[in-house]
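Structural overview for review
Read off the chains here:
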Amino acid sequence: MLTVIRPFRSLKYPTATLGLTATLALLATLLCLAPSASSQISASSQIAVIADTVYTMEAEPLVNGVVLIRDGKIERVGPAADVAIPDGYERHEGSVVTPGLIDARSVVGLAGYFNQDHDQDQLERSHALQPDLRAIDAYNAREELVGFLRQNGITTVHTGHAPGAIVSGQTMIVKTAGRTVDEALLDSTTALAITLGPGVRNQFDTPGTRSRGIAMLRQELIRAADYAEKRRSGDPDRRPDRDLRLDALADMLDGRLFALITAHTAQDIMTALRMQREFGFPMLLDGASEAYLLLDEIREAGVTVILHPTMIRLRGETENAAFDTAKKLSDAGIPFVFQSGYESYVPKTRVALFEASISVGYGLDRMAALHALTTVPAALFGLDDRLGSLRPGKDADLVIFNGDPFEYTTRPTHVFIDGILHHQAE
Amino acid sequence: MNIRHRFFLIFVAFSAGICAAATAQDRPVAVTGAQIITVTGETHESGVLVVHEGRIVAVGEAGDVAIPADAGVIDATGKVVMPGLVDPHSHIGEGDGGDRSAALHPDVRIMDTINPRSDSFRRALAGGVTSVNVMPGSGHLISGQTVYLKLRRVNTVEEMLIYVDEESGIYGGLKLANGTNPLRQPPFPGTRAKSAAMVRALFIRAREYQARIRAAQDDPERMPARDLALETLVEVLEGKRIVHNHTHRHDDVLTAIRLADEFGYRMVLHHVTDAWKVADEIAASGYPASIIYIDSPGGKLEAINLLPKSAPILEKAGADFGFHTDDPVTDSRLFLRSPAFGMREGLSRQKALESVTIANARQMDITGRAGSLEPGKDADFIILSGDPFSVYTRVEQTWIEGVKVWDIDDPEDRKYATGGYKVIRGSAHGHHHDH
């Protein structure tokens, strides 16, 4: 069995760009008298959150817990009896507190809610293999759908290019706050979005079959392996001319990016696992409608499943999706996370929390579901030093709910990102 | 009209006979111990529901209701019983409607294309749906006639009909749509104004046709030639067939109201994305609204304002409204989730209950049969594991006319609740672009 290499967190792109963007943003702020598009509600830097139940995700839930926030970070967490709230802290109270939720796979920001050509940048159809397409170059931080996820407790989203091409492009991780991609960014290059199965031939003339698509991908990966080898050379003369497509694939083969492979049917899942064995890339298995047929194989491969939205429509390659697959993965000891996924119609995005709720309704343990929305994706993406649980020093991303977070009738009343209140229910 | 429906009435009589046979319930059944939500009356905390020969005989608190000695007793202690759900807008059953030859197809019947063995019916039963208005799509100004079905487990669509109007032979409504869905190349309209003009022109022809029929005074020699399209619209003009009008944007909602007012037909507004913007106008119009809950706004331009706050705002405005699934747009198995999300936004519990039962029965003219647990109504009910609006609650049994038609403890039935393993096939095709 191959060891799965956790990718290094890739560097943000050059600071010169950041500087220019920041300058333009400042100018825009100075020149524009219109209200800011920022969702920021309160700018207090010292906040106390008090709730009947606090799911820290570090230990057992706290009853009558307090979370202190200072300068965007979590300062202290504990029972109200032990944590005195200092003077000057803005107080917010509620029923249940969880860490900010993490949506492990989305296309929001590239895909917009109008669903018109001008706001659909999630899939480029000029060629079926385009690993050089960066998510950062297409992300609209002010997209309504991003705000919609934020209102529903999603504070971090892994988003980017959609399923539908052999390699449709890159993905990235952002907070659901920030007026620009630079402000939102946590990781600029997280994975390459790869799709197996009939979804590709619906978009392109070539490949026209599953096996043609795999042949194209393997050939390109073999070229990329050769490129990666030459790229490592100490001799500048031996290094290849820079090729953005091969660069990205070589990064994946070097273990710096995930192969995010969307595969729904059993044969496509097995093909994904076969590719992973051949090339040794770190892999995320996305979709996986028929995962329940292959529990042993998936567990042995050691991959994490980004499970299809529980309520995904049942047609074509997803017609065998089931409401209880998350429970089966959990019972089998297979790590999994939730996603909002990609929708071509209504709803334009799903909400990972709602998808987890249905899984809970169909037997998944509640704590397992909460972990799959917090600690599991934080660790998976190498961001557990900042996200996923309520621990002093971590980012102050947290959600106050007016009841059980999974109940249909419950809603988030407050959403904090980096210690800033971004949503407060009327 | 009688002459023209003679043959159909023979068919009706035949199908009614089949219906009776298919739903015979000889022995009384008593459900005991459950919280029984009647919807239109009291909720009985430890209730008894007695059903016999397909009808509700009695419902009330334990001790107040006599249980027949020969009754089969179902101990539902700790469970919740409520009326079978009524879905006034669904695309289950694999039916189709009008084609590209025209934008107006009042003569097209979805009834002729339903697959009674469709797995989608089982899936809906798993969600507690017992009565449903199955509609053709919204890609036409008039895409065809709808059909009201009970999800009885039978082999023919005739056996599934909820009712057939004895005089007119009508067993469903008529689907209309405005807004962007019907806008295409000719012969379809290219603008909203053209859409309204085409619908008005056809209804004016139907009025003339109606006048010629009346003038004939049942004299076969003077009757106009049968015209299936105009005949259907005359049924609408006479209030015998309800118009189900797909509409999203606030101005399209008002256009639908304007046309219904002009011709005096009965109408239900469907989807009504912008309902929260024109709630007072909807309430004042008296036309009921059938709304949908979707997990996010957007996905089509007309749906960018589709927000769950419509439900409490319509309630506050005093409008008559309910929810529909538009299955496969939302899944029949999760129909109760829609009013629950309305409650999340402030909808009252009572209106939430009505919005999947009696309010929808009103929209289909079946309040005498369905939508509440009252003596004399059809014995359509569901047994739930807990509160109807909790994510942790499962539909455990679905009963239609005193016959258990779905049971979570039956392994074959249970598959339809969870899905997977090829049990659900082909039920979510076809309607994708016509929402």
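Right, let's walk through the structure included here. A quick note: this is a predicted structure, and the numbers were derived from the prediction, not measured. (Residues numbered from 1 in each chain as written. Chains lettered and ligands numbered in written order. Predicted model: local features only at pLDDT ≥ 70, side-chain atom pairs only at ≥ 80, totals over all residues. Heavy atoms only, no water.)

Let's talk about the interface of chain B and chain A
- Contacts between chain B and chain A engage 43 residues on the former and 45 residues on the latter.
- Here chain B and chain A share an interface that buries about 3900 Å² over both sides, 57% of which is from carbon and sulfur atoms.
- Linking chain B to chain A there are zero salt bridges.
- At the junction of chain B and chain A, the tally comes to 20 residue pairs in polar contact (both at pLDDT 80 or more).
- Mapped by element, the contributors of at least two residues to the side of chain B that touches chain A are α8 (337-344) and α11 (411-418) of chain B.
- The element that contributes the greatest number of residues to the side of chain B that touches chain A is α8(B), accounting for five residues.
- Here the residues of the side of chain B that touches chain A sort into 19 nonpolar, twelve polar and twelve charged. (Contact = heavy atoms within 4.5 Å. Buried area = accessible area lost by both parts, 1.4 Å probe. Salt bridge = Lys/Arg side-chain N within 4 Å of Asp/Glu carboxyl O. Polar contact = N/O pair within 3.5 Å; in protein donor to acceptor, adjacent residues only side chain to side chain. Helix = DSSP H or I, 4+ residues; strand = E, 2+ residues; numbered from the N terminus. Nonpolar A, V, L, I, M, F, W, Y, C, P; charged D, E, K, R; others polar.)

With respect to the sheet that holds strand β2 (residues 62-70) of chain A
Residue and element names in this part refer to chain A.
- With mixed pairing, seven strands are arranged side by side in an open sheet as β3-β2-β1-β4-β14-β15-β16. Each having just a single partner strand, β3 (73-79) and β16 (420-424) make up the two edges of the open sheet. Averaged over all adjacent pairs, the angle separating strand axes in this sheet is 35 degrees, with direction ignored.
- With eight bridges joining them, strand β1 (residues 46-54) and β2 adopt antiparallel strand pairing. Note on β2: the bridge partner recorded for Val54 is Leu62. (Pairing = 2+ DSSP bridges. Axes fitted to C-alpha atoms, helices over the stretch in contact; angles between N-to-C directions.)

Description of empty space enclosed by the protein
Residue and element names in this part refer to chain B.
- Per the counting criterion, the structure on display carries nine cavities of 30 Å³ or more.
- One number sums up the size of the second largest cavity: a volume of about 120 Å³.
- Lining the second largest cavity are 14 residues, and of these Arg333, Leu336, Thr393, Arg394 and Val395 lie nearest its centre.
- Residue composition of the lining of the second largest cavity, grouped by class: eight nonpolar, three polar and three charged. (1 Å grid on protein atoms, 1.4 Å probe; cavity = no way out; pocket = protein on both sides within 12 Å on 5 of 7 lines; lining within 4 Å. Points joined across faces, edges and corners; volume = space filled by probe spheres on them.)

A word on the pattern of salt bridges
Residue and element names in this part refer to chain A.
- Following the criterion strictly, the structure yields 62 salt bridges over all chains and no others.
- The salt bridge partner of Lys175 is Asp418, with a shortest N-O separation of 2.7 Å. Of this pair, Lys175 sits in strand β7 (residues 167-175) while Asp418 sits in the loop between β15 (412-417) and β16, and the two are 243 residues apart along the sequence.
- You can call Lys175 buried: its relative accessible area is 3%.
- Accessibility expressed as a relative area gives 31% for Asp418, which makes it partly exposed.
- Asp268 serves as the salt-bridge partner of Arg210, at 2.8 Å between the closest nitrogen and oxygen. With Arg210 in helix α5 (residues 210-231) and Asp268 in helix α7 (residues 266-279), the pair connects residues that are 58 residues apart, well separated along the chain.
- Its relative accessible area of 27% is what places Arg210 among the partly exposed residues.
- Three or more residues are tied together by salt bridges with common partners; here these are Glu229, Arg231, Arg232, Arg242, Asp247, Asp251, Asp254 and Arg256. (Buried < 20%, exposed > 50% of the residue type's maximum accessible area, 1.4 Å probe, protein only.)

Section: unusual backbone geometry
- With an omega of -10 degrees, the peptide bond running from A:Val346 to A:Pro347 counts as cis.
- Within the secondary structure layout, A:Pro347 lies in the loop between β13 (336-337) and α10 (352-361).
- Of note, the amide linkage connecting B:Asp327 to B:Pro328 takes the cis form, showing an omega dihedral of 15 degrees.
- Even without being glycine, A:Asn64 reaches a positive phi, approximately 50 degrees.
- Residue placement: A:Asn64 occurs in strand β2.
- One non-glycine residue, A:Asn115, lies in positive phi territory at about 60 degrees.
- Turning to its location among the elements, A:Asn115 is positioned in the loop between β5 (101-106) and α2 (144-151).

Things to note about the layout of surface pockets
- Space inside the second largest pocket adds up to approximately 1000 Å³.
- Taken together, 42 residues form the lining of the second largest pocket, with A:Glu144, A:Gly147, A:Phe148, A:Gln151 and A:His423 sitting closest to its centre.
- Elements that contribute at least two residues to the lining of the second largest pocket include exactly α2, β15 and β16 of chain A together with α8 of chain B.

Quick word on the sheet that holds strand β9 (residues 147-150) of chain B
Residues and elements named next belong to chain B.
- With mixed pairing, the three strands of this open sheet are ordered in space as β6-β7-β9. Because the sheet does not close on itself, it has two edges, and the strands there are β6 (85-90) and β9. Neighbour to neighbour, the strand axes of the sheet diverge by 20 degrees on average, direction disregarded.
- Relative to β9, strand β7 (residues 129-134) runs antiparallel, the two being bridged by four bridges. Bridge pairing in β9 links Ser131 to Lys150.

Examining the side chain of B:Lys150
Residue and element names in this part refer to chain B.
- Tracing the backbone through its elements, the reader meets Lys150 in strand β9.
- One polar contact links Lys150 to Glu401, side chain to side chain, over a distance of 2.6 Å.
- Setting aside anything within four residues of it in sequence, one finds Lys150 in contact with Thr130, Ser131, Met160, Ile162, Arg369, Asp378, Asp380, Ile400 and Glu401.

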